[in-house]
Amino acid sequence: MTLEADFTVQLRSAADRLWQLLENFGRSQVLVVGDLTLDEFLTGQVERVSREAPVLILRHETTRQVPGGGANAVYNLAKLGAQVKAVGLVGKDDQGNALRQIFEAAGIDTQGILVDRDRPTVTKTRISGHARQSVTQQIVRIDRKSDSLPDLSLQLQLAEYIQQQAKDAQAVVCSDYGDGGLTQPVIEAALSHTQTVVDAQTELHRYAGAFLFTPNLPEAELAVGYAIASPEALERAGRDLLALTQAQHVLITRGEEGMSLFDRNGNHSVIPAFNRTEVFDVTGAGDTVAAALTIALTVGASAWEAAILGNLAASIVVRQFGTATTTVEEMKAALQDLLDEMSD
């Protein structure tokens, strides 16, 4: 991979500063408000075709449960060393218990996770099968969720908890997957913090006034209402998103094209992708960007430095299948590899 010459000079000059920021990741305290999801992966070996219907019969081999959706943002922050308090809703079910146990095992504070007795824990179950000498392939995905909003009393409880805890947090992250957990009272409470980072799939205007937004390209296009298919359109989109969100910064993640960081002073910084060749799965990469970026901001990074570290973290997790996390040590190794490559 060849990085642009100007960017290479910038990155080299910032290297010592980036090392220092990574060393301080463990000092970060973050409150995460999210649509909490459990991702389940069931795998089995195909035994035969059923006599009851033309479907495969699998002999179960493994079940793996990992945080997904907004829960992946929570988990990424914890794995990167931050002290994390999770806020959101789960159902009164085994999936909610499993998600809470995963969090607690990772040292995540779960006092802000409330039980919604009327709605299930959002769960995405992927069933995959394989023959004896074949690769495993996904056969079907089953989603469990509700289209109804949580009861108003639960919304207000979440909002009250956020207001109480936000004063002790260095940043608040809103991870909105459109599953109904981030209602207006919850959003208003989250926006009371001066450093709120928003990773929302739709309706960015609901978070107007947040410090920084991290939409990917399709989310940015949806928000501005037109295709971002040229440098001119990208510049226009950056300005329009800043106007729409009233944010200090907007970071548009653009896959193999890298990232574009815009601010209210009219600056536009382009950050190239650090990994374009070993991309196996981009699932959850946005959560990783938001997590690493937020931690960097809490330990004193500029928006540009934070975006660099978010980009670096994402370049690691896209090498793995499914939702994944990374660590500070892996980020240090990736940064060193990047610097070494630039010296060749």
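Below is a summary of the structure that appears in this document. Please read all numbers here as calculations on a predicted model, not as lab measurements.

**Concerning the overall build of the protein chain**
Helix and strand counts for the protein chain come out as ten helices and 13 strands. Rg of the C-alpha trace for the protein chain: 21 Å, near the compact-globule value of 20 Å for 344 residues, within the 12% margin. Viewed in the frame of its principal axes, the protein chain has a C-alpha envelope of about 65 × 50 × 40 Å. Within the protein chain, buried positions represent 55% of all 344 residues. The contacts in the protein chain between residues at least 6 apart in sequence include a share of 68% that link residues at least 24 apart. Of the roughly 16000 Å² of accessible surface on the protein chain, a fraction of 47% belongs to carbon and sulfur atoms. Within the protein chain, one finds 28 positive and 44 negative side-chain charges whose respective centroids are separated by 5 Å.

**Describing the pattern of salt bridges**
In the structure shown here, the tally under the stated rule is twelve salt bridges. The salt bridge partner of Arg126 is Asp39, with a shortest N-O separation of 3.4 Å. Linking Arg126 in strand S6 (residues 122-130) with Asp39 in strand S2 (residues 36-49), this pair joins segments that are 87 residues apart in sequence. Both residues of the pair, Arg126 and Asp39, count as buried.

**Some remarks on helix H3 (residues 94-105)**
Look at H3: 16 Å from first C-alpha to last across twelve residues, which is about the 16 Å you get at 1.5 Å a residue. By the burial criterion, the buried members of H3 are Gln95, Gly96, Ala98, Leu99, Ile102 and Phe103. Axial view of H3: buried residues confined to an arc of 160 degrees, hence all on one face. H3 presents Asp94, Gln101 and Ala105 as exposed residues on the side facing more than 90 degrees away from its buried surface. One or two residues past the end of H3 sits Gly107, with phi positive at roughly 80 degrees.

**With respect to a nonpolar patch on the surface**
Together, Val49, Leu56, Ile139, Val140 and Ile142 give the surface a local cluster of nonpolar side chains, amounting to about 420 Å² of exposed area. Summarising the element assignment, Ile139 is placed in strand S7 (residues 137-144).

**Some points on the sheet that holds S2**
Across the sheet, which stays open at both edges, the four strands sit in the order S3-S2-S6-S7 with mixed pairing between neighbours. In this open sheet, the two strands that pair with only one neighbour each are strand S3 (56-69) and S7. For this sheet, the mean angle separating the axes of adjacent strands, direction not counted, is 20 degrees. Here S6 runs beside S7; their pairing, made up of seven bridges, is antiparallel. Within S7, the position partnered with Thr125 by the bridge is Ile142. Across the sheet, helix H2 (residues 70-79) is in contact with S2 and S3; its angle to S3 comes to roughly 65 degrees.

What counts, and at which threshold
In every chain, residue numbers begin from 1 and rise along the written sequence. Reporting of local features is limited, given that this is a predicted model, to residues whose pLDDT is at least 70; pairs of side-chain atoms are given and counted only at 80 or more, and all residues count toward the totals for whole chains, interfaces and linings. Heavy atoms throughout the structure, all of them, feed into the side-chain values; hydrogens and water do not. Strands are runs of DSSP state E lasting at least 2 residues, helices are runs of H or I lasting at least 4, and numbering of each runs from the N terminus. C-alpha atoms define the radius of gyration, and 2.2 Å times the number of residues to the power 0.38 defines the globule rule. Residue exposure (1.4 Å probe, protein chains only): buried if accessible area is under 20% of the type maximum, exposed if over 50%, otherwise partly exposed. Contacts were defined at the residue level, with two residues in contact if any of their heavy atoms lie within 4.5 Å. The method behind every accessible area is Shrake-Rupley, applied with a 1.4 Å probe, and residues are considered shielded solely by the protein chains displayed. For this count, His and the chain ends are skipped, Lys and Arg are scored as positive, and Asp and Glu as negative. We put the charge of a Lys on NZ, of an Arg on CZ, of an Asp on CG and of a Glu on CD. The working definition used for a salt bridge is a side-chain nitrogen of Lys or Arg within 4 Å of a carboxyl oxygen of Asp or Glu. The span you would expect from a helix comes to 1.5 Å times its residue count less one. Here the arc refers to the set of directions running from the helix axis out to each C-beta atom. A patch consists of residues whose relative accessible area exceeds 30% and which take part in no salt bridge; residues with like charges are grouped when within 9 Å of each other, and nonpolar side chains (Val, Leu, Ile, Met, Phe, Trp, Tyr) when within 5 Å. Each pair of strands is called paired provided DSSP finds at least two bridges between the two strands. Helix axes are fitted to C-alpha atoms over the stretch in contact, other axes to C-alpha atoms as well, and angles between N-to-C directions run from 0 to 180 degrees.

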